[in-house]
Amino acid sequence: MACAGWETPETFPVLGRDEVHVWRSRTGEHAARLPALRLLLSRDESERAARFRARRDGDEYTITRALLRLLIGGYEGVPARAVRLAYTEEGKPVLAAGEGASPLQFNVSHSGGLALFAFARARRVGVDVEALNRRVDHDDIAQRFFTPAESSALCALPPVRRSSAFFDCWVRKEAALKAWGTGFSLALDRFEVLNAGARMRALECPNELPDLPRRWTIRSLRPGAGYRAALVVEGGGCAVRRLRCEGGLPMAGP
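Here, residues in each chain are numbered from 1, in the same order as that chain's written sequence. Thresholds applied to this predicted model are a pLDDT of at least 70 for local features of residues and 80 or more for the giving and counting of side-chain atom pairs; totals over whole chains, interfaces and linings are not thresholded and use all residues. As a rule here, side-chain values cover all heavy atoms of the structure and leave hydrogens and water aside.

Trainee: What exactly am I supposed to notice about the side chain of E234 here?
Mentor: The secondary structure listing takes helices from DSSP runs of H or I that are at least 4 residues long and strands from runs of E that are at least 2 residues long, numbered from the N terminus. Inspection of the secondary structure puts E234 in strand β9 (residues 227–234). Here the side chain of E234 touches R215 through a polar contact of 3.3 Å, side chain to side chain. Residues count as neighbours in contact if any of their non-hydrogen atoms are within 4.5 Å of one another. Filtering out sequence-adjacent residues up to four positions away, E234 remains in contact with A122, R123, R124, R215 and W216. N or O atoms within 3.5 Å of each other form a polar contact, as long as, within protein, one can give a hydrogen and the other can take it, and as long as residues adjacent in sequence are counted only when both atoms are side-chain atoms.

Trainee: When you look at the packing of aromatic side chains in this model, what are you seeing that I'm missing?
Mentor: What characterises a pair of aromatic rings is the spacing of the ring centres plus the angle enclosed by the ring planes. Any two rings among Phe, Tyr and Trp, with Trp reduced to its six-membered ring, count as a pair given centres within 6.5 Å; such a pair is stacked if its planes are under 30 degrees apart, edge-to-face if over 60, and tilted if neither. With the rule as written, the count across this model stands at 10 aromatic pairs. With 5.6 Å between their ring centres and 40 degrees between their planes, F52 and Y61 make a pair best called tilted. Exposure categories follow from relative accessible area, calculated using a 1.4 Å probe and restricted to protein chains: below 20% of the type maximum is buried, above 50% is exposed, and the middle band is partly exposed. Given the relative accessible area of 29%, F52 is considered partly exposed. A relative accessible area of 4% means that Y61 is categorised as buried. Both rings, one in F106 and one in F119, keep their centres 6.2 Å apart while their planes meet at 35 degrees; by these two values the pair is tilted. One end of the pair, F106, is in strand β4 (residues 104–111); the other, F119, is in strand β5 (residues 114–121), and 13 residues separate them in sequence. When its relative accessible area of 2% is taken as the criterion, F106 is described as buried. Residue F119 is classed as buried on the basis of its relative accessible area, which comes to 0%.

Trainee: What is the right way to look at the packing of helix α4 (residues 138–145) against helix α6 (residues 159–180) in this model?
Mentor: Here an angle of 0 to 180 degrees is reported between the N-to-C directions of two axes, which are lines fitted to C-alpha atoms, with helices fitted over the stretch in contact. Interhelical geometry of α4 versus α6 gives an angle of 35 degrees and a closest axis separation of 10 Å. Helix-helix and strand crossings are classified by hand; for α4 and α6 the assignment is left-handed. On α6, the residues that touch H138, D139, I141 and A142 of α4 are R162, S163, F166 and W170. Just so you know the grouping, Ala, Val, Leu, Ile, Met, Phe, Trp, Tyr, Cys and Pro go in nonpolar, Asp, Glu, Lys and Arg go in charged, and all remaining residues, Gly too, go in polar. Taken together, the residues that form the contact of α4 with α6 break down as 4 nonpolar, 2 polar and 2 charged. When the near helix sits turned anticlockwise from the far one by under a right angle, the crossing is termed left-handed; a clockwise turn instead gives a right-handed crossing.

Trainee: Explain the side chain of H30 here, please?
Mentor: Mapping H30 onto the fold places it in the loop between β1 (19–26) and α1 (34–38). Reaching out from H30, the side chain makes a polar contact with the backbone oxygen of C245 at a distance of 3.2 Å.

Trainee: For this particular structure, what's the right way to read helix α5 (residues 148–155)?
Mentor: Note that an α-helix has 3.6 residues per turn; residues three or four places apart therefore point the same way. Residues E150, S151 and L154 constitute the buried set of α5. All buried residues of α5 project into a common sector of 95 degrees when viewed along the axis, lining one side. Buried residues in α5 make contact with α4 and α6. In this description, the arc belongs to the directions extending from the helix axis to the C-beta atoms.

Trainee: Is there a simple way to explain the packing of α4 against α5 in this structure?
Mentor: Relative placement of two packed helices is described by the angle separating their axes and the distance separating the axes. Taken N-terminus to C-terminus, the directions of α4 and α5 make an angle of 160 degrees; their axes are 8 Å apart at the nearest point. Relative to α5, the element α4 is oriented roughly antiparallel. Crossing angle aside, the handedness with which α4 passes α5 is left-handed. Residue-level contacts link H138, D139, A142 and Q143 of α4 to S151, L154 and C155 of α5. Looking at the contact of α4 with α5 residue by residue, the class counts come to 3 nonpolar, 3 polar and 1 charged. Oblique is the label for every angle not falling under 35 degrees (roughly parallel), over 145 degrees (roughly antiparallel), or within 65 to 115 degrees (roughly perpendicular).

Trainee: Got a minute to help me understand the sheet that holds β5 in this structure?
Mentor: Two strands qualify as a pair provided that DSSP identifies no fewer than 2 bridges between them. Taken together, 4 strands build an open sheet; the order of strands is β4-β5-β1-β10 and the sheet is mixed. Either end of the sheet is taken by a strand with one partner, and the two such strands are β4 and β10 (239–244). In this sheet, adjacent strand axes meet at a mean angle of 15 degrees when their direction is disregarded. Summarising the sheet, β1 and β5 pair through 7 bridges and their orientation is antiparallel. The residue bridging H21 from the neighbouring strand is F119, located in β5.

Pasting the structure below:
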């Protein structure tokens, strides 16, 4: 699978305050390590993994959560088993509060065997990835949940381009909601990401959130053929470093 521009670091990278690191991983590459990775999950995470109807989905969730803990441990300089997570009311994972609270911010998404992890220092981040092989009625969803301008732009495209364009818009919106920490309490048609492209640009947003264009930027990602992804970051002027962790991480394993 092509993923030009994604580097495989030989040592664990240092995360600067003006940087965002986005890691990508094919979860299947870690399947042989599943027994060890399961040991890194909390009880709640293990119980959630067991509730998936399809074993493949449960394994993907397990691998994604374990890799998240390994990556956090790498940035924080602690063993993955020592990482303590908490969850906001909207379900967003955060580092558990404690003495000397860390400024590390992060977000995670996975779909169709591919996981993305975004990390920043003292900047909230959101990331979303979707596999293009999902069968969805994108015209109907766009009319129901996108803004009129977004829906019109989608319908104006040739049918062969609509599916990928729909997912481009969808991942931008999901990444924004995850970065803001609102979840779906903010309706998708209350903000617009129509003009966001490969370069970082300001988000257009509803009147009740007038400061968002100044405070947030968005960037489309291309993690590989058959996927669409987006990153939303608090503030501007930061560099995005794209990293790969297929087959292992540049750190001691569990």
